[in-house]
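Summary of the model geometry
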Amino acid sequence: MNKIIDIPSPIDLKDPLHATQWAKEANLKRPYRIEFFEHYISQILNHPKPDVRILELGSGPGFFAYELLSRRANIHYTAVDFSAAMHNLAKQRLAAIPHTSVDFIIADFKQQDWYTVLNGQRFDYVVIHQALHELRHKAYAYEFHKSIAQQVIQPHGSYFMTDHLAQPDGNMKNLELYMTKDEHMQSLSNANFRDIQIGLEIDGLCTLQATL
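Residue numbers here run from 1 along each chain, matching the order of that chain's written sequence. Whole-chain, interface and lining totals are the exception, using all residues; otherwise, since this is a predicted model, local features are given only for residues with pLDDT of at least 70 and side-chain atom pairs are given and counted only at 80 or more. The basis for every side-chain value is the complete set of heavy atoms in the structure, and neither hydrogens nor water enter the calculation.

It is worth spelling out the UniProt feature "domain: Methyltransferase" (unreviewed entry) in the chain at this point. Those places that UniProt annotates as "domain: Methyltransferase" (unreviewed entry) correspond, in this numbering, to residues 49-176. Where helices and strands are cited, they refer to DSSP runs of H or I of at least four residues and of E of at least two residues respectively, numbered from the N terminus. Annotated as 23% helix and 27% strand, the span residues 49-176 places its first and last C-alpha atoms 39 Å apart. UniProt positions are given in the numbering used here, feature names are shortened, and annotations may be inferred rather than shown by experiment.

We now examine empty space enclosed by the protein. Both cavities and pockets are sets of points on a 1 Å grid over the protein atoms alone; in a cavity a 1.4 Å probe fits but cannot get out, in a pocket the set is open with protein on both sides within 12 Å along at least five of seven lines, and lining residues sit with an atom within 4 Å of a point. Grid points are joined across faces, edges and corners, and a volume is the space filled by probe spheres set on the points. Under the criterion given, the structure shown has one cavity of 30 Å³ or more. Each pocket or cavity is described by its volume, and for the largest cavity that value is around 60 Å³. Forming the walls of the largest cavity are Leu132, His133, Leu135, His137, Lys138, Ala141, Asp163, His164, Leu177, Tyr178, Met179 and His184. Residue polarity is assigned by list, with Asp, Glu, Lys and Arg as charged and Ala, Val, Leu, Ile, Met, Phe, Trp, Tyr, Cys and Pro as nonpolar; anything else, Gly included, falls into the polar class. Of the residues that constitute the lining of the largest cavity, the class distribution is six nonpolar, four polar and two charged.

This brings us to the layout of surface pockets. Each pocket or cavity is described by its volume, and for the largest pocket that value is around 890 Å³. Forming the walls of the largest pocket are 41 residues, and the residues nearest its centre are Leu13, Trp22, Gln130, His133 and Glu134. Taken together, the elements giving at least two residues each to the lining of the largest pocket come down to α1 (16-29), α2 (33-44), α3 (63-69) and β2 (76-81). Along the lines of polarity and charge, the residues of the lining of the largest pocket split into 20 nonpolar, ten polar and eleven charged. When its volume is computed, the second largest pocket comes out at roughly 320 Å³. As for the second largest pocket, its lining consists of 15 residues, and the residues nearest its centre are Gln111, Gln112, Glu143, Phe144 and Ser147. Its residues assigned to classes, the lining of the second largest pocket comprises seven nonpolar, five polar and three charged.

Moving on to the packing of α1 against helix α4 (residues 84-94). At a minimum axis distance of 8 Å, the contact between α1 and α4 shows a crossing angle of 50°. In terms of axis orientation, α1 runs oblique to α4. Seen from above, α1 lies across α4 with right-handed handedness. Mapping the contact onto sequence places Pro16, Ala19, Thr20, Trp22 and Ala23 in α1 and Ala85, Met86 and Leu89 in α4. Residues belonging to the contact of α1 with α4 are distributed by class as follows: seven nonpolar, one polar and no charged. Between N-to-C directions, angles cover 0 to 180 degrees, with each direction set by a line fitted to C-alpha atoms, over the stretch in contact for helices. When describing relative orientation, an angle under 35 degrees is termed roughly parallel and one over 145 degrees roughly antiparallel, while 65 to 115 degrees is termed roughly perpendicular and anything else oblique. What makes a crossing left-handed is the near helix being turned counterclockwise from the far one by less than a right angle; a clockwise turn instead makes it right-handed. In what follows, residue pairs with any heavy atoms lying within 4.5 Å of each other are defined as contacts.

Let us now look at the pairing of strand β4 (residues 123-129). Counting buried positions along β4 yields seven of seven residues, so the element is predominantly enclosed. For strand β1 (residues 53-57) and β4, the ladder comprises four bridges, and the chain directions are parallel. Within β4, the residue paired with Leu57 across the bridge is Ile128. If DSSP finds at least two bridges between two strands, the strands pair. Pairing of β4 with strand β5 (residues 153-164) involves six bridges; the strand directions are parallel. Residue pairing in the sheet places Tyr125 in a bridge with Ser158 of β5. Looking down the strands as they point away from the viewer, one classifies a crossover as right-handed if the path from the first strand across the helix to the second runs clockwise. Between β4 and its parallel partner β5, the chain crosses via helix α5 (residues 141-152), and the hand of that crossover is right-handed. Buried, partly exposed and exposed residues are distinguished by accessible area as a fraction of the type maximum, computed with a 1.4 Å probe on protein chains only: under 20%, between the cut-offs, and over 50%, respectively.

Bringing the sheet that holds β2 into the picture now. Two orientations exist for strands paired in a sheet by backbone hydrogen bonds: parallel and antiparallel. Spatial ordering of the open sheet is given by β3-β2-β1-β4-β5-β7-β6, a layout of seven strands whose pairing is mixed. Strand pairing shows two members of the sheet lacking a second neighbour, β3 (102-106) and β6 (194-202), which therefore form its edges. Going across the sheet, the axis of each strand differs from the next one's by a mean of 15°, ignoring polarity. Of the strands in this sheet, β2 and β3 are in contact with α4, which crosses β3 at around 165°. Set on the sheet, helix α6 (residues 181-190) makes contact with β5, β6 and β7 (205-211); between it and β6 the angle comes to about 150°.

Given below as structure tokens:
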């Protein structure tokens, strides 16, 4: 079996300067990111359960959290990121919304047991937006999805996974880091997710959503 060699990241998101620069540029480079947030939120806010629980992985500077919590401040939202610098940016952004209660958790989901920091909590919705490739190789995706299915998401919970697509489906040329639609679907299916579908796709950024 060939050894997996991680693809190095061009940016250190743990560095406060790099994190701040990324946050300044992300929505300028891809202004349609807000459409993906709206896509998740439209389904979350229609959930019949009053105490719906949301987990965002790779939560970054709190862009999605702000859009969600500005609509329903008392929702149970947990942010997981490996960067304290990103959490600090998110806390500053969310401070503008009164009556929010957010759990900020540091964890690196490249680690096999990353989910133990959640202390057995299960979530109705799990969102990972533009961060799956931070596993730094697509070969890790199946085990990551399996950990979500077995350890994190509620039965019948919904999983929103959005990332850049590899060519020929999208724009990304690195075929070791990024995945095609078929590869994403197969990886989710192998992890026992079902009802897998394309929720939204804009300019090579694609949401696959599935249920457990």
